[in-house]
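# What the coordinates show
Single-letter residue listing:
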Amino acid sequence: MPLRREARAPMTHWNAAEYARSARFVADLATPLVDLLAPKPGETVLDLGCGDGVLAAEIQARGAAVIGIDASSDMVAAARARGIDARLMPGEAIAFDRAFDAVFSNAALHWMRDLPAVFAGVARALKPKGRFVAEMGGEGNVASIVGALDGAFRRRGLRAPKLWIFPSPEAAAALLSRAGFRIETLELFERPTRLPGDLRDWLEIFAAGYLALVPEAERRTLVEEVRAALYPHRFSDGVWTLDYVRLRFSARLRQGDDAHPPAASITAA
Ligand code: BEZ
């Protein structure tokens, strides 16, 4: 595969063992997305933000050749241990040229800081008429968590960061179009998501970037505060259920002069 440029160092630290314990549901819920991708034997697929490679392995089992990329070295190691050709590469610096029939991504794009750069890289990585099939958090995703974290930061005189980007369908459509894609399907839908354990575990994995911004001695208190705020609304019959909203799309690279336009230099946040 022709590389465009060197990968940059990862910016996020993920613990693959912890993720496997508490976040397996992320991949378990992605079968409809793999069905939408419909990988075929002989195809080459890039799994963008492959994590520990569970879905890359599923795509490979359906006959396609898969390369996974992720910005976390721990996740890349876990994916390699699963037999995936995984590379350390951030989504904003995809280093392939016209190499893949399809780019696939599940629950990864909302972590990436510069979606125009990511989508432009996806367009470059695809062969003519290649497809981009992805799911990410969409507008309103985990609004209860975002609100509770904002409140907890405000009470401490701090401004909560924007760690995640959850675009509206209109914003996603504009980004795809600017990157040279024709949209085939694009939907925003609520998917209330049952957690396998306590909200504390979810916060420690998915909101680690928030927790890292408060002094260590304060983190536990902040987690308990967020948990207490959500408990009446999100805990029932012994199960935590979060207000996930998914944005799922399938888009195809346009052919002709308007494909591969320069990416707009905006950072969605
Ligand atoms: C998600 O997959 O929707 C998600 C991931 C991390 C934080 C919040 C939401």
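Structure: see above.
Structural notes, computed from the coordinates. (Residues numbered from 1 in each chain as written. Predicted model: local features only at pLDDT ≥ 70, side-chain atom pairs only at ≥ 80, totals over all residues. Heavy atoms only, no water.)

So, about the overall build of the protein. Of the regular secondary structure elements, the protein holds 11 helices and 10 strands. Here the C-alpha atoms of the protein give a radius of gyration of 19 Å, agreeing with the 18 Å that 2.2 N^0.38 yields for 269 residues. Expressed as lengths along the three principal axes of its C-alpha atoms, the size of the protein is roughly 55 × 35 × 35 Å. Per-residue burial for the protein yields a buried fraction of 49% across its 269 residues. Sequence-distant contacts in the protein: of pairs separated by 6 or more residues, those separated by 24 or more amount to 78%. Total accessible area on the protein is roughly 12200 Å²; 52% of this is exposed by carbon and sulfur atoms. A distance of 3 Å separates the average location of the 34 positive side-chain charges in the protein from that of its 33 negative side-chain charges. (Helix = DSSP H or I, 4+ residues; strand = E, 2+ residues; numbered from the N terminus. Rg over C-alpha atoms; globule rule 2.2 N^0.38 Å. Buried < 20%, exposed > 50% of the residue type's maximum accessible area, 1.4 Å probe, protein only. Contact = heavy atoms within 4.5 Å. Areas by Shrake-Rupley, 256 points an atom, 1.4 Å probe, with all protein chains shown as cover. Lys, Arg positive; Asp, Glu negative; His and termini not counted. Charge placed at Lys NZ, Arg CZ, Asp CG, Glu CD.)

Attention now moves to the nonpolar core. By size, the foremost hydrophobic cluster in this structure holds 36 residues, and its most contacted members are Ile145, Trp164, Leu199, Trp202 and Phe206. Elements with a contribution of two residues or more to this core: helix H1 (16-22), helix H2 (24-28), helix H5 (73-81), helix H7 (143-155), helix H9 (199-206), helix H10 (208-211), helix H11 (216-234) and strand S9 (239-242). What Leu199 contacts, discounting residues up to four positions off in sequence, is Ile145, Arg227, Leu230, Trp240 and Leu242. Judged by nonpolar contacts, the second largest core, of 34 residues, contains Ile69, Ala95, Ala134 and Leu247. (Core = buried A, V, L, I, M, F, W, Y, C linked by side-chain atoms within 4.5 Å.)

With that settled, consider the site of the ligand. Around the ligand lies a shell formed by His110, Trp111, Asn141, Val142, Trp164, Phe166, Trp202, Phe206, Tyr244 and Arg246. One of the side-chain N or O atoms of Arg246 is found 2.6 Å from an oxygen atom in the ligand. Relative to its unbound accessible surface of 260 Å², the ligand loses 99% to contact with the protein. In terms of residue class, the shell around the ligand is built from 7 nonpolar, 2 polar and 1 charged. (Near = heavy atom within 4 Å. Polar contact = N/O pair within 3.5 Å; in protein donor to acceptor, adjacent residues only side chain to side chain. Nonpolar A, V, L, I, M, F, W, Y, C, P; charged D, E, K, R; others polar.)

In the structure shown here, the tally under the stated rule is 19 salt bridges. A salt bridge links Arg62 to Asp35; the shortest N-O distance between them is 3.0 Å. Residue Arg62 is found in the loop between helix H4 (54-61) and strand S2 (65-70), and its partner Asp35 is found in helix H3 (residues 31-37); the two are separated by 27 residues along the sequence. Relative accessible area serves as the criterion here: at 30%, Arg62 is assigned to the partly exposed category. The partly exposed category is assigned to Asp35, whose relative accessible area is 42%. The salt bridge partner of Arg191 is Glu135, with a shortest N-O separation of 3.6 Å. With a gap of 56 residues between them, Arg191 in the loop between strand S6 (181-190) and strand S7 (193-194) and Glu135 in strand S5 (residues 126-137) connect regions that are remote in the sequence. The same class applies to Arg191 as to Glu135, namely buried. Through salt bridges with shared partners, one network takes in Glu135, Glu187, Arg191, Arg246 and Arg248. (Salt bridge = Lys/Arg side-chain N within 4 Å of Asp/Glu carboxyl O.)

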